[in-house]
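# Examination of the molecular architecture
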Amino acid sequence: MSPLSMANFKNLNPEQARAARHIEGPQLILAGAGSGKTTVITTRIAWLLHRGIAPTAIVAVTFTNKSAREMKQRLSRMLGKKALRGMVVSTFHSLGHRILKQHIETLGYRLPFSILSPEDLHNVMVDIYRELKLDISQIRDDGVLFKISLCKNSALSPHDFASQKMNLESTDLFCAIYERYHQSLKILNAVDFDDLILLPGKIFRQDPEILERYRHRWRFFMIDEYQDTNHSQYDFLNQMVCPRNNLCVVGDDDQSIYTWRGADINIILGFEKDYPNAQVVRLETNYRSTATILKAANQVIAHNSQRMAKTLRSVSGIGDKIKAIAAADEVREAALIAEQIRSLINGRRLEPGDIAILFRTNFQSRVFEQELRNRNIPHHVVGGYRFFDRREVRDMIAYLRVIANPHDELALSRIINRPRRGIGQGSLQKIMDYLLAQESESRPDLFSIMELIVHEPGLIPGLRKESISAIYEFSEFINEYRKRFSRANRLSVVLAQMISDLKFDLEFQRDGDNENTAKARMLNLGELVNMLAYLEDNWEENEPPDLFDFLARLSMQAQDNDEEHPRGRVQLLTLHLSKGLEYPVVFLSGIEEGLFPAPRTLEENGDLALAEERRLFYVGITRAKQLLYLSRAASRRKFGEHQIVEASRFWDELPQDCLEWIADETVEQNNNTRQNVLTDLLAAI
DNA sequence: GTAATAGTAATTTTT
DNA sequence: TTACTATTAC
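Residues numbered from 1 in each chain as written. Chains lettered and ligands numbered in written order. Predicted model: local features only at pLDDT ≥ 70, side-chain atom pairs only at ≥ 80, totals over all residues. Heavy atoms only, no water.

Inspection of the secondary structure puts N245 in the loop between α13 (231-241) and β7 (247-251). N245 sits 33 residues away from A278 along the chain, and the two C-alpha atoms are 9.4 Å apart. With near-sequence residues (within four places) excluded, N245 lies in contact with G25, P26 and Y275. (Helix = DSSP H or I, 4+ residues; strand = E, 2+ residues; numbered from the N terminus. Contact = heavy atoms within 4.5 Å.)

Right, here's the structure in full:
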């Protein structure tokens, strides 16, 4: 063994070492929170390489792009970049995309294809509802898109899914919608997120030769966060792994928090049945948190009945008590937390970056932002209002999508009149009416119709002359840039050129933006250019990246570019996003009935949902290394109105002797009967 | 075809 | 409260 790997093993406890030394066959690592699983994974990969296994034979799958990136960084620090050449470290979705990029044509799609955003999918559904004469405003309430996604993630046929999960009369309707949905996607030459997993599995089944090629190349698989695997991922993976079953999975059933997305905890619970002779290793020593924090975590999770029993042991001291805060309302809650943070930074020599504020729902972040800003405490909202949600950014991405994939009518109709060029709703509707009247099998796409119109101005009656010449100029513009992008050796240069050609700055002024917002919007577009330049500079494949690669990256990595977790700032994030992260100080806020546990799932799914919410609580608690604060408000503004809220049932599940209450003076005063008057008064300030 | 206004609906969690 | 939609006036 090289001295390097010797040193690596020395730092592991016996169980960790046993897990890291495993090479062939199936292995299940049950890794409790903070038990050093990342170290085990990276050490095991080092061990595989040390034993002469080629990096190109290893695939490590993570749940988020962020953890993929971190794993890569850790590995290259340990072994050097060279040693990792050709190793796949990615999310399930990027892995699927990699395969589709090679083989999607066998399913009748063309390259490049588009990956549709939730917004695009909604638009697709609007058309389907119109066609079926259904009420468009019900799309959201029906949750059709959600159901379609769940159906795909469960690897069920629409019929099976519908008959299992819905009542009988809606089964046919669901199947009809499902079928139309896929026809639409096919016409757009586009896939949704779930297809990135589902379609590769389909290709494998349809074409064993392709599957065989991947089996030959990839011989060792490691899957992180296995408890969050869904059936479609399981199927995809299972095909590649067979028959060698060199599969090492790492997970913790207590941290399964994605069943609403089709993840099935039974997959990890059934691992030993699925893969007989599996080596099972339990990591129960926690190196992260104080004994007090762990005691709370253990006691909370013990309320769940269906779990692989385990208890985390602490190696740290007792530590401070858990601080509990009950504030008058959500503004006071945020203010108290901000004040605590201020004194932690001043008194305890903590950096803002050591601190995180966690919450159940995104909208809770606003008040915190406000209060932190008021006190000049540097902070950052992870994943909140996303860069990619900005209108101008989405517009520019739509341009790129049309240029890359001419069939992408969704993107095309988004930009056809942006900047305004005189092709308004009316004209677009006339064209679309004409299109929809064509036979659906052979119907041309919007873009080629536009070119036809130019040559044959009478094709669509009632189209104004001005509109026709605008259509001409627009399609010329797209064609010109399609040419430039395909010839360019620096895509980012062409993109910058295109942005300035489009004169978006003038458009922003016309929108009535003031000078500052217009500038900010231009800066956002500039940021898009930077991202493309960054991609070009750091591309590791042999062929240089094209627009398709850039777009894929944008849709799959939307949430985490390098700016996503800037150091040195208080981090604000949802509990879901906090999984896998740790902070010296954690504030877990809004622990109230009606908020956490979230009420909506409780109605539908009862105990199962409550158990998942509890796991989420457990995840939150175990993020903290030294100090944990739990808080709630007595009143919270909902839809602009104050409502009295109760303490969450989770409070009762905590060891009360570990809690130390911090008083909010306004709550003390509220013990008078003037409760409502006071909260209202406070809110008015 | 565009801009301004009034009216309405909404808050789980995300690759 | 905000954010999005539909209607109306220009």
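Evaluation of the coordinates by the stated rule reveals 42 salt bridges. For R401, the salt bridge goes to D120, with nearest N and O atoms at 2.8 Å. With R401 in helix α19 (residues 391-404) and D120 in helix α6 (residues 118-131), this residue pair connects regions lying 281 residues apart in the sequence. The exposure class of D120 is buried, given its relative accessible area of 7%. The partner of E333 in a salt bridge is R636, and the shortest N-O contact between them spans 3.2 Å. Residue E333 is located in helix α17 (residues 330-347), and its partner R636 is located in strand β16 (residues 624-638); the two are separated by 303 residues in the primary sequence. In this structure, E333 and R636 share a single accessibility class: buried. Among the ionic contacts, a cluster of salt bridges with common partners joins K37, D224, E225, D228 and K579. (Salt bridge = Lys/Arg side-chain N within 4 Å of Asp/Glu carboxyl O. Buried < 20%, exposed > 50% of the residue type's maximum accessible area, 1.4 Å probe, protein only.)

Overall, parallel pairing links the six strands, which are arranged β3-β2-β6-β7-β1-β8 in an open sheet. Looking at the sheet topology across the chains shown, the edges are occupied by β3 (88-91) and β8 (279-283). Put simply, the sheet's adjacent strands are angled 15° from each other on average, direction ignored. Summarising the sheet, strand β2 (residues 58-62) and strand β6 (residues 220-223) pair through four bridges and their orientation is parallel. (Pairing = 2+ DSSP bridges. Axes fitted to C-alpha atoms, helices over the stretch in contact; angles between N-to-C directions.)

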